[in-house]
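# Chain and residue survey
Next come the chains, spelled out residue by residue.
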Amino acid sequence: MQVGRVYAALVERYESSGLRCISVEATRVSGSGDVGYVDAVIADGQALRRMRAALGDDPVLEVRRETGRPRLDLRLRDLVDQVCLGGLTVTEVLRARGWSARGASVDQVYRALSMGLARMADVTPGLR
């Protein structure tokens with residue numbers, strides 16, 4: 001989905017801005033003359049917060065019982081970040097967390113990824 005590429009570009013642009021912790025009040029009194037840039041950084045931050053809020057903290061896979069191999073829970077935000085920002089495939093994400101990369105867990109993770117991207121698209125103007 002296009003929203004994954006938009007999200008990755010937005011994160012890269014926002015995190016490289018150097019102004020991630022800037023407050024709106026500080027921009028009003030700075031007098032730097034480059035308010036357009038600061039406004040764009042603030043808008044990027046707001047867009048990222050909306051996209052991440054749309055994902056929430058939903059579990060995709062949770063360890064319910066211990067097996068012989070250690071497994072880690074997988075949350076939707078982690079899945080989206082690892083695929084969109086980290087460039088991993090769904091099977092690579094599963095293997096990194098100790099889950100089997102076949103069968104029902106793969107289908108479940110693909111459905112969750114699709115749902116998460118759709119949620120992000122819903123809150124991103126121009127993508128729905």
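The structure this text deals with has already been given above.
Residues numbered from 1 in each chain as written. Predicted model: local features only at pLDDT ≥ 70, side-chain atom pairs only at ≥ 80, totals over all residues. Heavy atoms only, no water.

## Describing the overall build of the chain
The helix and strand inventory of the chain stands at six helices and two strands. Along the chain direction, N to C, the helices and strands of the chain fall in the order α-α-α-β-β-α-α-α. For the chain, buried positions account for 37% of its 128 residues. Counting contacts in the chain only where the partners sit at least 6 residues apart, residues at least 24 apart contribute 61% of the total. Total accessible area on the chain is roughly 7700 Å²; 51% of this is exposed by carbon and sulfur atoms. (Helix = DSSP H or I, 4+ residues; strand = E, 2+ residues; numbered from the N terminus. Buried < 20%, exposed > 50% of the residue type's maximum accessible area, 1.4 Å probe, protein only. Contact = heavy atoms within 4.5 Å. Areas by Shrake-Rupley, 256 points an atom, 1.4 Å probe, with all protein chains shown as cover.)

## Looking at helix H4 (residues 76-85)
Listed in full, the buried residues belonging to H4 are Leu76, Leu79, Val80, Asp81, Gln82 and Cys84. Where H4 ends, the next residue or the one after it, Gly87, has phi of about 75°, a positive value.

## Observations concerning the pattern of salt bridges
Applying the stated criterion to the full structure yields six salt bridges. As a salt-bridge pair, Asp57 and Arg75 come within 4.0 Å of each other at their nearest N and O atoms. Of the two residues, Asp57 is situated in the loop between helix H3 (35-55) and strand E1 (59-61) and Arg75 in strand E2 (residues 74-75); the sequence distance between them amounts to 18 residues. For Arg75, a relative accessible area of 23% translates into the label partly exposed. Taken together, the shared-partner salt bridges connect Asp57, Glu62 and Arg75 into one network. (Salt bridge = Lys/Arg side-chain N within 4 Å of Asp/Glu carboxyl O.)

## Some words on the packing of aromatic side chains
Two aromatic rings, taken as a pair, are described by how far apart their centres are and by the angle between their planes. A complete count under the given rule lists zero aromatic pairs for this structure. Residue placement shows Arg71 over the ring face of Trp99; its charged tip is 4.2 Å from the ring centre. (Phe/Tyr/Trp six-rings, centres within 6.5 Å; stacked < 30°, edge-to-face > 60°. Lys NZ or Arg CZ within 6 Å of the ring centre and 35° of its normal.)

## Let's talk about the packing of H4 against helix H6 (residues 104-122)
A pair of packed helices is captured by two measures, namely the crossing angle of their axes and the spacing between those axes. The geometry of H4 relative to H6 is characterised by a closest axis approach of 10 Å and an angle of 85° between their N-to-C directions. Taken together, the axes of H4 and H6 are roughly perpendicular relative to one another. In contact with Leu76, Leu79, Val80, Val83 and Cys84 of H4, H6 contributes Val109, Ala112, Leu113, Met115, Gly116, Leu117, Arg119 and Met120. Residues belonging to the contact of H4 with H6 are distributed by class as follows: eleven nonpolar, one polar and one charged. (Axes fitted to C-alpha atoms, helices over the stretch in contact; angles between N-to-C directions. Parallel < 35°, antiparallel > 145°, perpendicular 65-115°, else oblique. Nonpolar A, V, L, I, M, F, W, Y, C, P; charged D, E, K, R; others polar.)

## As for the nonpolar core
One finds Tyr7, Val60, Leu79, Val80, Val109 and Met120 to be the most contacted residues of the largest nonpolar core, which totals 28 residues. Elements that contribute at least two residues to this core include exactly helix H1 (2-15), H3, E1, H4, helix H5 (90-96) and H6. Once residues within four sequence positions are removed from consideration, Leu79 is found in contact with Val60, Leu74, Val93, Val109, Ala112 and Leu113. (Core = buried A, V, L, I, M, F, W, Y, C linked by side-chain atoms within 4.5 Å.)

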